[in-house]
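# Overview (structure and organization)
Residues per chain are reported as follows:
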Amino acid sequence: MYSRLILLLVGVLAFSATLAPASAADGAKKKLLVVTVTKGFRHSSIPTAEGVLAKLAESSGLFTVDFARNDAELTVKMSAAALRGYDGIIFANTTGQLPIPDKQAFLNEIRGGKAFIGMHSASDTYNSRGEVDPFIELLGGEFQGHGDQVGVECLVQDREHPSTRHLGESYCLEREEIYLFKNYDRRRVRDLLILDKHPNRKSEQGHFPVSWCRLYGQGKIFYTSLGHREDVWENANYQQHILGGIKWALGLEPGEASPLPVPE
Ligand SMILES: [Zn+2]
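So, a few notes on the structure that sits alongside this text. (Residues numbered from 1 in each chain as written. Predicted model: local features only at pLDDT ≥ 70, side-chain atom pairs only at ≥ 80, totals over all residues. Heavy atoms only, no water.)

### Topic: the packing of aromatic side chains
- By the definition in use, this model includes 14 aromatic pairs.
- Between the aromatic rings of Phe91 and Phe106, the centroid separation amounts to 5.6 Å while the plane-to-plane angle is 20°, which identifies the pairing as stacked. Within this pair, whereas Phe91 is found in strand 3 (residues 88-92), its partner Phe106 is found in helix 5 (residues 103-111), the two being separated by 15 residues in sequence.
- By relative accessible area, Phe91 is classed as buried at 0%.
- Taken together through their ring pairs, the aromatic side chains of Phe143, Tyr179, Phe181, Tyr184, Trp212 and Tyr223 make up a single cluster.
- Positioned above the aromatic ring of Tyr126 is the side chain of Lys103, whose terminal nitrogen or guanidinium carbon lies 4.0 Å from the ring centre.
- Sitting over the ring of Trp248, Lys220 keeps its end group 6.0 Å from the ring centre. (Phe/Tyr/Trp six-rings, centres within 6.5 Å; stacked < 30°, edge-to-face > 60°. Helix = DSSP H or I, 4+ residues; strand = E, 2+ residues; numbered from the N terminus. Buried < 20%, exposed > 50% of the residue type's maximum accessible area, 1.4 Å probe, protein only. Lys NZ or Arg CZ within 6 Å of the ring centre and 35° of its normal.)

### Some details on the pattern of salt bridges
- The full count for this structure, using the stated rule, is 13 salt bridges.
- With a closest N to O distance of 2.8 Å, Lys103 and Asp133 form a salt bridge. In this pair, Lys103 is assigned in helix 5 and Asp133 in the loop between strand 4 (115-119) and helix 6 (134-139), connecting sequence segments 30 residues apart.
- Classification of Lys103 as partly exposed rests on a relative accessible area of 21%.
- A relative accessible area of 11% places Asp133 in the buried class.
- Between Arg165 and Glu253 there is a salt bridge, with the nearest N and O atoms lying 2.4 Å from each other. Pair noted here: Arg165 is in the loop between strand 6 (150-156) and strand 7 (170-176) and Glu253 is in the segment after helix 8 (236-249), with a separation of 88 residues, a long-range link.
- By relative accessible area, Arg165 is classed as partly exposed at 43%.
- Each of Arg165, Lys247 and Glu253 takes part in a single network of salt bridges with overlapping partners. (Salt bridge = Lys/Arg side-chain N within 4 Å of Asp/Glu carboxyl O.)

### Topic: the coordination of the zinc ion
- Every protein donor of the zinc ion is listed here as His43 (NE2), His120 (NE2), Glu177 (OE) and His228 (ND1), and their distances to the metal cover 2.0 to 2.1 Å.
- Classification of the site at the zinc ion rests on its four donor atoms, whose angles at the metal span 89 to 162°, yielding the label irregular.
- The sequence pattern formed by the donor residues of the zinc ion is H-x76-H-x56-E-x50-H. Of the two residues, Glu177 is situated in the loop between strand 7 and strand 8 (179-182) and His228 in the loop between strand 11 (219-224) and helix 7 (230-233); the sequence distance between them amounts to 51 residues.
- For Glu177, a relative accessible area of 7% puts it in the buried group. (Donors = N, O, S within 2.8 Å, 3.2 Å for Na, K, Ca; no water. Tetrahedral: all angles 85-135°; square planar, octahedral: opposite > 155°, others 65-115°.)

### A word on the nonpolar core
- Core analysis: the biggest nonpolar cluster contains 40 residues, and Leu53, Ile90, Ile117, Met119 and Trp233 have the highest contact counts within it.
- When residues in this core are grouped by element, the largest group, six residues, is from helix 8.
- In this view, Met119 contacts Leu53, Ile90, Phe91, Ala92, Asn93, Tyr223, Thr224, Leu226, Trp233, Tyr238 and Ile242; residues no more than four positions away in its chain are not counted.
- Judged by nonpolar contacts, the second largest core, of 31 residues, contains Ala68, Ile89, Ile110 and Tyr126. (Core = buried A, V, L, I, M, F, W, Y, C linked by side-chain atoms within 4.5 Å. Contact = heavy atoms within 4.5 Å.)

### A word on the environment of Gly85
- Take Gly85: it is sitting in the loop between helix 4 (80-83) and strand 3.
- The exposure class assigned to Gly85 is partly exposed, which follows from its relative accessible area of 46%.
- Separated by 16 residues in the primary sequence, Gly85 and Arg69 place their C-alpha atoms 18 Å from one another.

### Looking at helix 5
- When we look at burial in helix 5, the residues that qualify are Ala105, Phe106, Leu107, Glu109 and Ile110.
- Residue Gly113 follows helix 5 closely and has a positive phi angle near 130°.

### Considerations on the state of the cysteines
- Applying the stated criterion across every chain yields a total of zero disulfides.
- Residue Cys154 stays outside any disulfide, its sulfur separated by 7.8 Å from that of Cys172, the closest cysteine.
- Considering cysteine sulfurs only, Cys154 is the nearest to Cys213, which forms no disulfide, with 16 Å between them. (Disulfide = S-S within 2.5 Å.)

Encoded structure:
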């Protein structure tokens, strides 16, 4: 009688023990909201982007992703109250004036110490009308335009940062749409990838940012302008680039955010 009871107790304890670590691990995962709503151009790579981010969440085991794919989901998941439940927000190829319910609450959440990660046309979102939009201030640069898709060699500016340290000295892409920026100042961001010549007029030398990070109050901002094409999203180097950026922005891996010295 007692032995059967003891067996039952042992069984229950063993069962709870197998459950406990799993639920504790889930509770420890960071929570990200991925926004893919567009009010301007809509990239055909968005479904690929959503799939890649879900896969990175799963394979890293470090964070979960929730999606806001339309206005209704945006209204619910980006309310001031709902935002408090996330550790960070990703704008994956968003465009235009997104109808989020409380933009100031969103900016305040990030400023207060959360992560913001933007890919490609995230910088073509909340475009400035007259004065620089507060979202562009957060991001550190704004889409200005692009030429034809080209092959480029992106020069790694920070060999230690989690988003770029796997790339060596440079990251070559065979074909991608490369953005030019306005409302960008290299003294207000930390460049991670740049081009030293114009993407479409290679004889024109200069400083052309591709990816950067920065602090916004206590919040960490990671942006990469790469991510137009499906095959860029599917590329292992690109996935490591954005995963490193996500980990850094969530505070899971260290990395500098101070602007690099500007040569005389
Ligand atoms: Zn594009």
